[in-house]
Amino acid sequence: LAAYRTDEGQPWVLPVVKKVEQMIANDNSLNHEYLPILGLPEFRANASRIALGDDSPAIKENRIGSVQSLGGTGALRIGAEFLRRWYNGNNNTATPVYISAPSWENHNSVFVDAGFKDIRTYHYWDAAKRGLDLQGLLDDMKKAPEFSIFILHACAHNPTGTDPTPDQWKQIAAVMKQRFLFPFFDSAYQGFASGSLDKDAWAVRYFVSEGFELFCAQSFSKNFGLYNERVGNLTVVGKDADNVQRVLSQMEKIVRTTWSNPPSQGARIVAITLSSPQLFAEWKDNVKTMADRVLLMRSELRSRLESLGTPGTWNHITEQIGMFSFTGLNPKQVEYMIKEKHIYLMASGRINMCGLTTKNLDYVAKSIHEAVTKIQ
Amino acid sequence: SSWWSHVEMGPPDPILGVTEAFKRDTNSKKMNLGVGAYRDDNGKPYVLNCVRKAEAMIASNKMDKEYLPIAGLADFTRASAELALGENSEAFKSGRYVTVQGISGTGSLRIGANFLQRFFKSSRDVYLPKPSWGNHTPIFRDAGLQLQAYRYYEPKTCSLDFSGAMDDISKIPEKSIILLHACAHNPTGVDPRQEQWKEIAALVKKRNLLVYFDMAYQGFASGDINRDAWAVRYFIEQGINLVLSQSYAKNMGLYGERAGAFTVICSDAEEAKRVESQLKILIRPMYSNPPLNGARIASIILNTPDLRKEWLTEVKGMADRIISMRTQLVSNLKKEGSSHNWQHITDQIGMFCFTGLKPEQVERLIKEFSIYMTKDGRISVAGVTSGNVGYLAHAIHQVTK
């Protein structure tokens, strides 16, 4: 599983998390009582605020809801279960669900296990140009049956690292509005991608400003480094408070038969951090540290490849964003990397940028150079 | 217009309603007997000392936050299996079991329900005792199974309708799934005696039923973890390859940390490996991997001899307080001059007690005495203290004399 690593190749517990955990450990007034079914109220409100922005019209108009979930996966699952029961009719398992080609492989299983029968892909990655196949994507949306559900990566697309530009997002939103397509955002890397919470949430917020009703599954695994505490949130944006209230009441029923109520430790850490201006600032700083290291590794890798004169273009390494990069290496080249150079990539050519360090950059760059020049 | 215009408002939670009404009540003598969590003799939540010690160890060890495996923390799942099955259990020692970490009792039940829906093709029917925990039905239903019932509670005597249960179980179609509460039946507090368990085991074996045990109160019921697990262990010894869900919410007070486990007893270790692989395939699209905190606390307690000993003492302390409140309630009722037979209050075991009170009597308790419970007359004995047991007895006597 993908997790951030320091320049020494070690896991990193965020300093602000250590601080807050110590606060929690020292607070004898805290106990282990059940959280409400929908989760810790301070967590839910703060988590959604992070995604939508302090000045979100949806928050001002009190038409948002939040469900604390077991990681981003849990948020996706609750959202999927709700959609299967209540979207586009009652228990309409035939509603098409579109997942990007490629995508995180668990997306498919989440929607299958939630009961959807018609899972499709939409064009996303253009291997030839090593970038977004916008035309293919828009065509798929134009051809999709009305009311289809589209799983959109809010930022730092997994596994390609390739995100639409703001302009491209605008085009996507226009088509989705026209075709009555439902946007279900997966936001697993807010802050972690560009280093800016606001920048990484731009797409979600744009859709909200365009009047969409949407879901956004948030994960705090990467941006808080809280992987094993399973901290996630499903943000629901609706037309008005009444609709959102009814939606949440039904989500509560789904939660009750899945995990009853969510785990308290991780939510407490996030809630305390987000509600204190000082801790919030520290957190943003920690997040920027992680994002900056990844951005540095990208630029260093690219410049080495260009210095070596490695055949091909390598600007995609710095144009892509987030934890992963689709290098463009073909399966044979990947095999070479693994077998001969002991560098582990996915068969797709996906590399985890967090695995790069100042110590191994030269070796990795040289190995890619060898793979590309020796193997066609 | 909204996508959600047709979405109905979900029904209000009945127990929540009780708590809400309790909160609004300004009577200083008010009692909340709907609470499903342990309270100490001052009516306060109780964080176990062994839990605090385990937490201190965790804080000082500065561990990382890397993802757990899908099946959970291995030290926890192994210790959980050993706790349920017993260290001398042949099934445990031979490794012919798989235990995966689950999100407390509910999550573990749900994993099991999903697993049975996918792999137990002999039947879609789950037989629950009448009554059972309210959440059992929607859990199994959402997993895609159907619910049936077998007689269990006899309201006339507030005890086990053993002949009714045996009669109904004998008629359950072969290879159906039967759910049994391992101890401290929720909501009635009525458990079979060991001789009765033996007969139930023989019968389910004869009917070739898939046995699903829900053990949410091991140690918390009698104060003795081995005694509370007796039925589960006996069934396994009789060759019944059951499935089991465990919760550490009550017996370790880890409610909000969601520590639990789901176990499948298999023919052999090789089968257990195959079952485990399928459980992982079910878990990954639900929440990827489980939360660490509660499991780590439980694991440290179970695996550290001193802490384990301390835990056993503390869980006995909780059970003893509950038992003591039952005893005091009955003696206070006698002192009030009640002529009714209240023996069921001390015969029953665990957190909950089916008092036998009728809805009208419950209504009076709420309105006239500010004593809150669910309409079925169920009280949480955890909400009773030495300070309020007299008041409770007085009130019950007033509405039943």
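Residues numbered from 1 in each chain as written. Chains lettered and ligands numbered in written order. Predicted model: local features only at pLDDT ≥ 70, side-chain atom pairs only at ≥ 80, totals over all residues. Heavy atoms only, no water.

In the nomenclature of an unreviewed UniProt entry, chain B corresponds to Aspartate aminotransferase from the organism Sula dactylatra. The UniProt entry for chain B carries the following comment under Cofactor (unreviewed entry): "pyridoxal 5'-phosphate". Here chain B is described in UniProt, under the heading Subunit (unreviewed entry), as follows: "Homodimer." (UniProt positions renumbered as here; feature names shortened; annotations may be inferred.)

Looking up chain A in an unreviewed UniProt entry gives the name Aspartate aminotransferase, with the organism given as Sula dactylatra. Listed in UniProt under the heading Cofactor (unreviewed entry), the comment for chain A reads: "pyridoxal 5'-phosphate". One UniProt comment on chain A, placed under Subunit (unreviewed entry), says "Homodimer."

*Asks:* Just to check I follow, could you spell out the domain arrangement of chain B for this structure?
*Replies:* Where interface size is quoted, it is often the accessible area lost as the parts come together. Residue and element names in this part refer to chain B. According to the domain assignment, chain B contains domain 1 (14-46 + 320-399) and domain 2 (67-303). Of the residues lining the interface, 16 residues belong to domain 1; the matching set on domain 2 comes to 17 residues. Across the interface of domain 1 and domain 2, roughly 1,300 Å² is buried in total on both sides, 66% from carbon and sulfur atoms. Among the residues of domain 1 in contact with domain 2, Ile349, Phe352 and Phe354 are the three that bury the most area, contributing 42% of the side total. (Domains from an automatic or database assignment. Contact = heavy atoms within 4.5 Å. Buried area = accessible area lost by both parts, 1.4 Å probe.)

*Asks:* Any chance you could explain the packing of aromatic side chains here in plain terms?
*Replies:* We describe a pair of aromatic rings using the distance from one ring centre to the other and the angle between the two ring planes. Scanning all chains against the criterion turns up 47 aromatic pairs over all chains. With centroids separated by 5.9 Å and ring planes inclined at 80 degrees, the aromatic side chains of Phe111 of chain A and Phe184 of chain A adopt a geometry described as edge-to-face. Here Phe111 of chain A is found in helix 5 (residues 106-113), whereas its partner Phe184 of chain A is found in strand 7 (residues 182-187), with 73 residues between them in sequence. Pair check on accessibility: Phe111 of chain A and Phe184 of chain A agree, each one buried. Every member of this aromatic cluster is reached through a ring pair, and the members are Phe82, Tyr87, Phe111, Phe116, Phe147, Phe180, Phe182, Phe184 and Phe215 of chain A together with Trp3 and Trp4 of chain B. Its end group placed over the ring of Trp314 of chain A, Arg130 of chain A keeps NZ or CZ at 5.1 Å from the ring centre. The aromatic ring of Phe352 of chain B is capped on one face by Arg378 of chain B, whose charged end is 3.8 Å from the ring centroid. (Phe/Tyr/Trp six-rings, centres within 6.5 Å; stacked < 30°, edge-to-face > 60°. Helix = DSSP H or I, 4+ residues; strand = E, 2+ residues; numbered from the N terminus. Buried < 20%, exposed > 50% of the residue type's maximum accessible area, 1.4 Å probe, protein only. Lys NZ or Arg CZ within 6 Å of the ring centre and 35° of its normal.)

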